[in-house]
Amino acid sequence: MLEIEIEDTTFTAELHEDRAPESVAAVREFLPLESELMHVRWSGIATWINIDEIDLPEIPRENHTVYPSRGDLLLYPGYRNEQEILVPCGPTCFKSPAGELAGNHFATVDATADRLKAVEEATLRDGVQNVTIREVER
């Protein structure tokens, strides 16, 4: 299980080891992650974490989607654009200037629509938010 702290808010997320095993393994390698959560520019009601500085292994497309549901964490290993973790907070179509992107759905956040929308609104209104992601025991 993941614990995600965004400023003063904490969420948990269930890892999908069965559906995205290589993505989960890659994420575990760079945890804990301390970074910045930003509002997306192209994808809708979502936020993202740039992980371009992390040296990821070759990761296949697994459990990938262009249209994630609210709370579906996507790992994008940089096939056509920069590496990132997408955090959808509402209706999302994962895009970049390169067009639609498919990210690997590796975990799902346990949060209400209102709590996720509040995170997205904070990044839109106030800008970058501090984020920490770590693996925790159940």
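All of the points below concern the structure found in this document.

Overview of the pattern of salt bridges
Moving on, step 1. This model, assessed by the stated rule, comprises nine salt bridges.
Moving on, step 2. Note that Arg28 and Glu17 form a salt bridge whose closest N and O atoms lie 3.0 Å from each other. Taken together, the residues Arg28 in helix α1 (residues 21-30) and Glu17 in the loop between β2 (9-15) and α1 connect sequence positions eleven residues apart.
Moving on, step 3. Here the residues in one salt-bridge network are Glu3, Glu5 and Arg134, joined through shared partners.

Notes on the pairing of β2
Moving on, step 1. Here strand β1 (residues 2-6) runs beside β2; their pairing, made up of five bridges, is antiparallel. When the bridges of β2 are listed, Glu3 appears paired with Thr12.
Moving on, step 2. Between β1 and the antiparallel strand that follows it, β2, lie two residues; Glu7 among them carries a positive phi value of about 55 degrees.
Moving on, step 3. For β2 and strand β10 (residues 103-110), the ladder comprises four bridges, and the chain directions are antiparallel. By the bridge assignment for β10, Leu15 is matched with Ala107.

Cut-offs used in this document
Residues numbered from 1 in each chain as written. Predicted model: local features only at pLDDT ≥ 70, side-chain atom pairs only at ≥ 80, totals over all residues. Heavy atoms only, no water. Salt bridge = Lys/Arg side-chain N within 4 Å of Asp/Glu carboxyl O. Helix = DSSP H or I, 4+ residues; strand = E, 2+ residues; numbered from the N terminus. Pairing = 2+ DSSP bridges.

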